[in-house]
Amino acid sequence: MKRTTVRTRVLTAAVAVAAVGAGGFGAMSATAAPQSDAPGGAVAQAADLKKSDTVTSTHLDIDAATRAAQAALHAAEKDNQHVSVAVVDRNGTTVVTLRGDGAGPQSYESAARKAFTAVSWNAPTSELVKRLAQAPGLKDIPGTLFLAGGAPVADKGAPIAGIGVAGAPSGDLDEKYAQAGVVSLGH
């Protein structure tokens, strides 16, 4: 078996990166000037869509999400609690996570799942825990965590984000800190 040198491996990696980059450029070029294989050459342009065919969604920008996460973490630190904080957007995608000094390893994922759960139902997770009595199957929905500590952020009544906190000795404290994040946004 032939051994490759470090130089050979570095050059091989550089060529692979260049190939991936070229492929990305080609993909961007292809989307910039769409070609149609459809019969008659019809290509749907955004101008052809009716307004009713699209949906506009409101999300927190990165600065607001970071501000909310920092406010939640600061509230916990004032109480000498070691927590993790996550902020997710309307779609449940994590925007910001902060792991406070001394926070347990489980708190990071738990915070994100609480935030996801809060935004999914537009309700604090402490309220959602109560719903499990009537619908125990809710806990089986992937990505959710029905423990107190998640708070939704709403704009005009519609959920736009979720803030989750995990790691304090009780869910009530986690939720108190998540609410501090919501308050920092003026919601």
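Look a little higher up for the structure.
Because the structure is predicted, anything quoted here is derived from the model rather than measured.

A description of the pairing of strand E2 (residues 94-99) should follow, citing residues and the corresponding values.
When strand E1 (residues 84-89) meets E2, the two strands line up antiparallel, connected through 5 bridges. Following the sheet pairing, Ala86 is matched in E2 by Thr97. Between E1 and E2, which pair antiparallel and follow one another directly, the connecting turn spans 4 residues, one of which, Gly92, has a positive phi of 85°.

Describe the pairing of strand E4 (residues 158-166), with residues and values.
Walk down a regular strand and you will see the side chains alternate between the two sheet faces. Most of E4 sits out of view: 8 of its 9 residues are buried. Relative to E4, strand E3 (residues 150-155) runs antiparallel, the two being bridged by 6 bridges. Note on E4: the bridge partner recorded for Ala151 is Ile163. Where E3 folds back onto E4 in an antiparallel hairpin, the turn is made up of 2 residues, including Lys156, whose phi is positive at roughly 55°.

Got a sec to walk through helix H3 (residues 105-121)? Specific residues and values, please.
Among the residues of H3, Ser107, Ser110, Ala111, Ala112, Lys114, Ala115, Thr117, Ala118 and Val119 are the ones counted as buried. Its buried side turned inward, H3 meets E1, E2, helix H4 (125-131), E3, E4 and helix H5 (171-184). Two residues or fewer past H3, Asn122 is found with a positive phi of approximately 50°.

Lay out unusual backbone geometry with the relevant residues and their values.
Trans is the common state for peptide bonds, and a negative phi is the common state for residues other than glycine. In the Ramachandran plot, Asn122 falls in the positive-phi region, its phi being about 50° despite a non-glycine side chain. Topologically, Asn122 is positioned in the loop between H3 and H4. Residue classification places Asn122 among the partly exposed residues on the basis of a relative accessible area of 30%. One non-glycine residue with positive phi stands out, namely Lys156, at about 55°. Among the structural elements, Lys156 can be located in the loop between E3 and E4.

Give me the pattern of salt bridges: which residues, what numbers.
When the charged atoms of two side chains with opposite charge come close together, those side chains can pair. Per the counting criterion, the structure on display carries 4 salt bridges. With its nearest N and O atoms 3.0 Å apart, the salt bridge here joins Lys176 to Asp79. Taken together, the positions of Lys176 in helix H5 and Asp79 in the loop between helix H2 (62-78) and E1 put the pair 97 residues apart, joining distant regions of the chain. You can call Lys176 partly exposed: its relative accessible area is 47%. Here Asp174 ties to Lys114 by a salt bridge, and the two come within 2.9 Å at their closest N and O atoms. Residue Asp174 is located in helix H5, and its partner Lys114 is located in helix H3; the two are separated by 60 residues in the primary sequence. Accessibility expressed as a relative area gives 4% for Lys114, which makes it buried.

Hey, could you go over the sheet that holds E4 for me, with residue numbers and the actual values?
A sheet is described by the order of its strands in space; here 4 strands give the open sequence E2-E1-E4-E3, paired in antiparallel fashion. Of all strands in the sheet, those bounded by a partner on one side alone are E2 and E3. Pairwise comparison of adjacent strand axes, ignoring direction, gives a mean angle of 15° for this sheet. Running over the sheet, H2 touches E1, E2 and E4 and is turned about 30° from E2. Each of E1, E2, E3 and E4 is contacted by H3, which is oriented at about 155° to E4, the strand it contacts most.

Give a detailed account of the packing of aromatic side chains, specifying residues and quantitative values.
Each pair of aromatic rings is reported with the distance of its centres and the angle of its planes. Overall, the coordinates contain 1 aromatic pair when judged by the stated rule. Between Trp121 and Phe146 the ring centres are 5.6 Å apart and the planes differ by 55°, which places this aromatic pair in the tilted class. Of this pair, Trp121 sits in helix H3 while Phe146 sits in the loop between H4 and E3; the two residues are 25 residues apart in sequence, bridging distant segments of the chain. Here Phe146 falls in the buried class, since its relative accessible area comes to 8%.

What counts, and where the lines are drawn
- Residues numbered from 1 in each chain as written.
- Predicted model: local features only at pLDDT ≥ 70, side-chain atom pairs only at ≥ 80, totals over all residues.
- Heavy atoms only, no water.
- Pairing = 2+ DSSP bridges.
- Helix = DSSP H or I, 4+ residues; strand = E, 2+ residues; numbered from the N terminus.
- Buried < 20%, exposed > 50% of the residue type's maximum accessible area, 1.4 Å probe, protein only.
- Contact = heavy atoms within 4.5 Å.
- Salt bridge = Lys/Arg side-chain N within 4 Å of Asp/Glu carboxyl O.
- Axes fitted to C-alpha atoms, helices over the stretch in contact; angles between N-to-C directions.
- Phe/Tyr/Trp six-rings, centres within 6.5 Å; stacked < 30°, edge-to-face > 60°.

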